[in-house]
Amino acid sequence: MNIDLHTHTTASDGHLTANELIQRATDFGINVLSITDHDTTSAHEQLSTVYPDSLTIIPGIEFSTQWKKTYIHILGLNIQIDNAAIRTGIAAQCQLRKERAERIAEKLEKLGIENPLTGAQHIAHHNNIGRPHFARYLVETGVVSDINQAFKKYLSVGKPAHFSQQWSPLVQIIDWVRSAGGTAVLAHPAKYKLTRTKLNALVDEFCSLGGEAIEVISGKQIPATTRELAKLCQDKSLLATCGSDFHQPGQLWAELGQYPSLPKACKPIWDKW
Ligand code: AMP
Ligand code: MN
Ligand code: MN
Ligand code: MN
């Protein structure tokens, strides 16, 4: 089995449409694919009804939220996308994304950058807008040389065009996922750069609120990270997931299905399915 439970499309900040992603998943021999766009499930609504029997699509989402002062991401996997509670939640998060984009654009304008909002909206094809769309606009207009510089100089936490958005609270996000029959997964725990003590506290709170899984494998990570996250997963009796966090072809550390397999000691989320 070749399973990838964390991917993006043009419905958020990915570069491939849902159907292009499915074509690539088929080419890469993926059997189980979850599309997990930022705060939207619209890719799932755009899927062509014909894709190979060899491929199972798991409806998913990646919600933006925060824990104390740290921005974190929660995957909702195997959700019923027409569930009323999660639809309300998605609408609220999309509205917050729109408002945040306006605040980011105001900041960029004050820094002398022209038409950042229309520029980023155009790149996003008026889908769910995020910082990567602003980053691409800054590259296209020659303000910075690459996406990384756009984050480093403007868009990352603490940089002049960063806006400290308050997303819907963690408890709410987990409730939406569970109401929709899904499993809440703490995405890429190593990316938050928390100390071991803080990550432990985050996971404890996540569990107490109904979170059930952590992403033990996120792309091509180093063995030490895998060992640490596998231990955390076992210590807290959580389910384990794996995914590439694929956004576009050519990012070798995040290609569909290309990552280490889940350690044997971890209980995979698909045992539940
Ligand atoms: P947002 O959801 O709008 O806050 O944007 C977060 C997304 O930006 C992440 O999911 C990544 O795809 C991307 N991202 C975050 N930091 C960086 C970075 N330093 N370089 C490139 N992309 C980044
Ligand atoms: Mn992203
Ligand atoms: Mn993420
Ligand atoms: Mn992601």
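Preceding this paragraph is the structure being described.
Bear in mind that the values here come from a model prediction, so they are computed numbers and not experimental data. Sequence order as written defines residue numbering, which begins from 1 separately in each chain. Chains carry letters and ligands carry numbers; both start at the beginning, A for chains and 1 for ligands, and go up in the order they are written. Since the coordinates come from a predicted model, pLDDT governs what is reported: local features require at least 70, and pairs of side-chain atoms require 80 or more to be given and counted, while whole-chain, interface and lining totals use all residues. The basis for every side-chain value is the complete set of non-hydrogen atoms in the structure, without hydrogens or water.

## Brief notes about helix 3 (residues 84-110)
Quick reminder: α-helices carry 3.6 residues per turn. Residues three or four places apart thus point the same way. For helix 3, with 27 residues, the first-to-last C-alpha span of 40 Å sits near the 39 Å given by 1.5 Å per residue. Note on contacts: a residue pair qualifies if any of its non-hydrogen atoms lie within 4.5 Å across the two residues. Secondary structure elements follow DSSP: runs of H or I no shorter than four residues count as helices, runs of E no shorter than two count as strands, and numbering proceeds from the N terminus. Looking at the buried side of helix 3, the elements it contacts are strand 3 (56-67), helix 4 (116-123), helix 5 (131-140), helix 6 (147-155) and helix 7 (170-179). Polar contact is the term for a pair of N or O atoms within 3.5 Å; when the atoms are in protein, one must be able to donate a hydrogen and the other to accept it, and sequence-neighboring residues count only if both atoms are side-chain atoms. Structurally, the start of helix 3 carries an N-cap: the backbone nitrogen of alanine 85 is 3.0 Å from a side-chain oxygen of asparagine 83. Directly beyond the C-terminal end of helix 3, a positive phi value near 95° is found at glycine 112. Expected span of a helix: the number of residues minus one, times 1.5 Å.

## A closer look at the layout of surface pockets
In this structure, the second largest pocket encloses a volume near 290 Å³. Cavities and pockets are found on a 1 Å grid laid over the protein atoms alone: a cavity is a set of points where a 1.4 Å probe fits but cannot escape, a pocket is an open set with protein on both sides within 12 Å along at least five of seven lines, and a lining residue has an atom within 4 Å of such a point. Lining the second largest pocket we find 15 residues, and of these Arg196, Leu199, Glu228, Leu229 and Leu232 sit closest to its centre. Residue assignment for the lining of the second largest pocket shows that the elements contributing at least two residues are helix 8 (196-208) and helix 9 (223-235). Among the elements that make up the lining of the second largest pocket, the one with the highest residue count is helix 9 (six residues). Grid points are joined across faces, edges and corners, and a volume is the space filled by probe spheres set on the points.

## Side note on the site of ligand 1
To be near a molecule or strand, a residue needs just one of its heavy atoms within 4 Å of it. Near ligand 1 the following residues occur: Asp13, His38, Arg97, Arg100, Gly130, Arg131, Pro132, Ile147, Asn148, Phe151 and His247. For ligand 1, an oxygen atom lies 3.0 Å from a polar atom in the side chain of histidine 38. The contact in question runs from an oxygen atom of ligand 1 to an N or O atom on the side chain of histidine 247, over 3.0 Å. With three residues, the single largest contributor to the shell around ligand 1 is helix 6. Gly counts as polar in this scheme, as do all residues outside two lists: the nonpolar Ala, Val, Leu, Ile, Met, Phe, Trp, Tyr, Cys and Pro, and the charged Asp, Glu, Lys and Arg. Residue composition of the shell around ligand 1, grouped by class: three nonpolar, four polar and four charged.

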